[in-house]
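The chain contents come next:
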Amino acid sequence: LFRLDAKSLFASYVEATNREDDSTIRQVTTVLENRIKVKPDEILVSSAESLPYTLRAFPWGSMQKARIVFPGSGKRGDFRFDIAVSGKETLSFAGRSVECWKAQISFGGFLGSLVGKTLLWYSVPYPHYLVKSESPSGMPGSPAIVLELQSYSGSEPNQ
């Protein structure tokens, strides 16, 4: 469950439940106050769970690189994510082709050399939905986790 800002898609409330074989964990993140002033080359994201949704508001086509900023991370040393758009690719799913922006997310600083990169493909046409992602499942050498969209439907915004 997400409560998203209509313009930036920043999630001020995130409720996520993770079910595993041995446990079920519910995490709730609530941003009670946000005084962060992001720079023009930064995107503010409240949690890892909300990242794919907030990136739908990324200025695709007009910005190639940005730093992803998390509330509270400024005092934790060199912990940051970077996003870089490498261009466009056409992907197919459910019998249709979708032109996508291809982007790479990586850890900045020291962690960047230890953790693999995540690839994301977002639809070029609005509303820039996530079509595919490839991310490491663990340390270097571990298999990738690939998520691919199976179907998508939506309606035109109210006029």
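Residues numbered from 1 in each chain as written. Predicted model: local features only at pLDDT ≥ 70, side-chain atom pairs only at ≥ 80, totals over all residues. Heavy atoms only, no water.

**Section: the sheet that holds strand 2 (residues 11-19)**
Part 1: The strand order across the open sheet built from three strands is 1-2-3, with neighbouring strands paired in antiparallel fashion. Looking along the sheet, the strands with just one partner apiece sit at the ends: strand 1 (2-4) and strand 3 (24-30). Averaged over all pairs of adjacent strands, the angle between strand axes in this sheet comes to 15 degrees, irrespective of strand direction.
Part 2: Pairing geometry for strand 2 and strand 3, over seven bridges, is antiparallel. Counted as the bridge partner of E15 is V28 from strand 3. (Pairing = 2+ DSSP bridges. Helix = DSSP H or I, 4+ residues; strand = E, 2+ residues; numbered from the N terminus. Axes fitted to C-alpha atoms, helices over the stretch in contact; angles between N-to-C directions.)

**Quick notes on the pairing of strand 5 (residues 65-69)**
Part 1: Of the strand pairs in this sheet, strand 4 (residues 42-44) and strand 5 are connected by three bridges, and their pairing is parallel. When the sheet's bridge partners are listed, L44 is paired in strand 5 with V69.
Part 2: Where strand 5 lies against strand 6 (residues 81-93), four bridges are found, and the strand directions are antiparallel. In the sheet register, R67 faces strand 6, and the bridge partner there is D82.

**A short note on the packing of aromatic side chains**
Part 1: Applying the stated criterion across every chain, the model contains five aromatic pairs.
Part 2: An aromatic cluster is present here, built from F58, W60 and Y122 joined pairwise through their rings.
Part 3: Here the basic side chain of R3 rests over the ring of Y13, its NZ or CZ set 4.3 Å away from the ring centre.
Part 4: Across from the ring centre of W121, 5.0 Å away, lies the NZ or CZ of K132, which sits over that ring. (Phe/Tyr/Trp six-rings, centres within 6.5 Å; stacked < 30°, edge-to-face > 60°. Lys NZ or Arg CZ within 6 Å of the ring centre and 35° of its normal.)

**What about the nonpolar core?**
Part 1: One finds L55, F58, W60, I68, I83 and I105 to be the most contacted residues of the largest nonpolar core, which totals 20 residues.
Part 2: Mapped onto this core, the elements with two or more residues apiece are strand 5, strand 6, strand 7 (96-107) and strand 8 (118-123).
Part 3: Ranked by residue count, the leading element in this core is strand 7, at four residues.
Part 4: Ignoring any residue separated from it by four or fewer positions in sequence, one finds I83 in contact with L55, F58, W60, Q64, K65, A66, I68, A103, Q104 and I105. (Core = buried A, V, L, I, M, F, W, Y, C linked by side-chain atoms within 4.5 Å. Buried < 20%, exposed > 50% of the residue type's maximum accessible area, 1.4 Å probe, protein only. Contact = heavy atoms within 4.5 Å.)

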